[in-house]
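# Tertiary structure, described
Here is how the chains run, residue by residue.
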Amino acid sequence: MYKYQDLGLTNIDEMMAKAYREGYAIPAFNFISIEQYSGIIDAISELKSPVMLLVSPNLLRQLGGTIIGRISQSGVDRMKEMGLNPEISLHLDHGMKYEDCVEAINYGFSSVMIDGSALSFEDNIALTKKVVDYAHSRGVSVEGELGVLSGAEEEGEHANDSSKYTDPKKVEEFVRRTDVDCLAISIGTSHGLVKMKADKNGNLPELKYEILKEIEKNVPNFPIVLHGSSALIPKYMKMINDYGGNIPNSVGIPEEQVAKVAKMAVCKVNIASDGWVTALGLTRKILAENPASIDSRVFTLKVRPALKEVYINKIKLLGSENKLK
Ligand code: 13P
């Protein structure tokens, strides 16, 4: 059993409160490879940004909590060596069961998400509250979810094919009865490659800012989380298909829309797919151009700086640059 404090990781409550006060959002990046992880640490070190490292229950099982905890600790240590004062939280993304959250907390995660969004309102409250009780007794913060996003979290996972916007009238009761520390809502984003659809004139829809504003009114100063926020970077989406891939020509969430809500009550913005498509696009291209290579560094050495660039752009977009103490 590990404690996040011993790994040098940061609790998110203060990070979120500062982000709310100052009108920016914490970048919350999923990682599944060491290049993505290194790219994240490179970017936050250069721009002096706080970060939340998102780990799915699948990755927790694949790598094991001890390895994930130590990897996260290494970023803290590296930034300290550079004379920085890192604020890195390790966060379980979409815990689906109470046991997922307990496992993550016992391995030193500093916050967990319990996603009861597919349950009834009452069952979602009961599950979320159970996680909150366990987590808070250990100083760990909890993110809940109300409203349903479409798309799949990870390949092979069950995909929701319909979304349901968050009902702003239910948010205050949910927050009060569960005592969650932040809440993911549904205002028009979705996970993975199922994202925005242009109308017949080619215009993309706008996120539902009015829902967010009403939520903000009902739970003042309470941090809101936006999932499914990738832009699906066209250059890398195209690169995947140009080099043997077969993905749909999906359109992501326009960056100006994400930037707009980051100035509102949204204090945490989740981004996974932009890291995935960047790494995959470049890997496919470089492998195709180097058919005789047997050393994976032929692509890993190029993928890391490209990812750093992607994460740097996100940090600037969300306004979290120079926000370390
Ligand atoms: P994207 O698929 O848009 O990157 O969203 C990821 C996410 O919300 C993870 O929880």
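Counting restarts for each chain: residues are numbered from 1 in the order of the written sequence. In keeping with the model being predicted, local features are shown solely for residues with a pLDDT of at least 70 and side-chain atom pairs are shown and tallied solely at 80 or more, while totals for entire chains, interfaces and linings include all residues. Note that water and hydrogens are dropped before the side-chain values are worked out from all heavy atoms of the structure.

### Let's talk about the sheet that holds strand S3 (residues 88-95)
A pair of strands is treated as paired once DSSP finds two or more bridges between them. Think of it this way: any DSSP run of H or I at least four residues long counts as a helix, any run of E at least two long counts as a strand, and we number them from the N terminus. Strand order around the closed barrel formed by eight strands is S1-S2-S3-S4-S5-S6-S7-S8, with parallel pairing between neighbours. Across the sheet, the axes of successive neighbouring strands diverge by a mean angle of 25°, strand direction being ignored. In this structure, strand S2 (residues 51-55) lies alongside S3, joined through five bridges in parallel fashion. Across the sheet, the residue bridging to Met52 is Ser89, located in S3. Here an axis means a line fitted to C-alpha atoms, over the contact stretch when the element is a helix, while the angle between two N-to-C directions is reported on a 0 to 180 degree scale.

### Remarks on the environment of Ala28
Structurally, Ala28 can be placed in strand S1 (residues 26-30). Pairs of residues are marked as contacts when any of their non-hydrogen atoms sit within 4.5 Å. Beyond its immediate sequence surroundings of up to four residues, Ala28 is in contact with Met52, Leu54, Lys268, Val269, Asn270 and Ile271.

### Remarks on the site of the ligand
Residues are counted as near a molecule or strand when any one of their heavy atoms sits within 4 Å of it. Close to the ligand lie 16 residues, the nearest being Lys195, Gly228, Ser230, Ala272 and Ser273. Any pair of nitrogen or oxygen atoms within 3.5 Å is treated as a polar contact; in protein, a donor-acceptor pairing is required on top of that, and neighbouring residues in sequence qualify only through side-chain atoms on both sides. Between the ligand and His227, the relevant distance is 3.1 Å, taken from an oxygen atom to a side-chain nitrogen or oxygen of the residue. The contact in question runs from an oxygen atom of the ligand to an N or O atom on the backbone of Ala272, over 2.7 Å. Residue-level accessible areas treat just the shown protein chains as cover; the underlying method is Shrake-Rupley with a 1.4 Å probe. Against a free-state accessible area of 310 Å², the protein chains account for coverage of 97% of the ligand. Among the secondary structure elements, those contributing two or more residues to the shell around the ligand are S3 and strand S8 (266-271).

### Points about the state of the cysteines
The disulfide criterion used throughout: a pair of cysteine sulfur atoms within 2.5 Å. A full pass over the atoms with the stated rule returns zero disulfides. A disulfide-free cysteine, Cys101 has its sulfur positioned 12 Å from the sulfur of Cys182, the nearest such atom. In this structure Cys182 is a free cysteine whose sulfur lies 8.6 Å from that of Cys267, the closest cysteine sulfur available. When accessible area is computed with a 1.4 Å probe and restricted to protein chains, residues below 20% of their type maximum are described as buried, those above 50% as exposed, and intermediate ones as partly exposed. A relative accessible area of 0% means that Cys182 is categorised as buried.

### Regarding the pairing of strand S6 (residues 182-185)
Every second residue of S6 is oriented toward a common face, with Cys182 and Ala184 on one face and Leu183 and Ile185 on the other, all of them buried. Both strand S5 (residues 141-146) and S6 contribute to a ladder of four bridges, which runs parallel. Within S6, the residue paired with Gly144 across the bridge is Leu183. In the sheet, S6 pairs with strand S7 (residues 224-226) via three bridges, with the strands oriented parallel. Following the sheet pairing, Leu183 is matched in S7 by Ile224.

### Let's talk about the packing of aromatic side chains
Stacked, tilted and edge-to-face are the three classes applied to pairs of Phe, Tyr and Trp rings, where Trp contributes its six-membered ring and a pair requires centres within 6.5 Å; stacked means planes under 30 degrees apart, edge-to-face means over 60, and tilted covers the rest. Counted by the stated rule, this structure contains five aromatic pairs. Considering the side-chain rings of Phe31 and Tyr37, the 5.3 Å spacing of their centres and the 55° angle between planes classify their relative orientation as tilted. Both residues of the pair, Phe31 and Tyr37, count as buried. Note that Arg138 overlies the ring of Tyr134, its terminal NZ or CZ placed 3.7 Å from the centroid. The criterion for a charge sitting over a ring is simple: Lys NZ or Arg CZ within 6 Å of the ring centre, and within 35 degrees of the ring normal. The ring of Tyr209 carries the charged tip of Lys260 above its face, separated from the ring centre by 4.0 Å.

### So, the packing of helix H9 (residues 234-242) against helix H11 (residues 273-289)
The N-to-C vectors of H9 and H11 enclose an angle of 40°; their axes lie 8 Å apart at closest approach. One finds that H9 runs oblique with respect to H11. When you trace H9 past H11, the crossing you get is left-handed. Of the residues in H11, those in contact with Tyr236, Met237, Met239 and Ile240 of H9 are Val277, Thr278, Leu280, Gly281, Leu282, Arg284 and Lys285. Polar here means any residue outside two lists: the nonpolar Ala, Val, Leu, Ile, Met, Phe, Trp, Tyr, Cys and Pro, and the charged Asp, Glu, Lys and Arg; Gly therefore counts as polar. Its residues assigned to classes, the contact of H9 with H11 shows seven nonpolar, two polar and two charged. Orientation labels follow simple angle bins: below 35 degrees gives roughly parallel, above 145 gives roughly antiparallel, 65 to 115 gives roughly perpendicular, and whatever is left gives oblique. Rotating anticlockwise by less than a right angle from the far helix to the near helix defines a left-handed crossing, while the corresponding clockwise rotation defines a right-handed one.

Remember that the coordinates give geometry; whether it matters functionally is a separate question.
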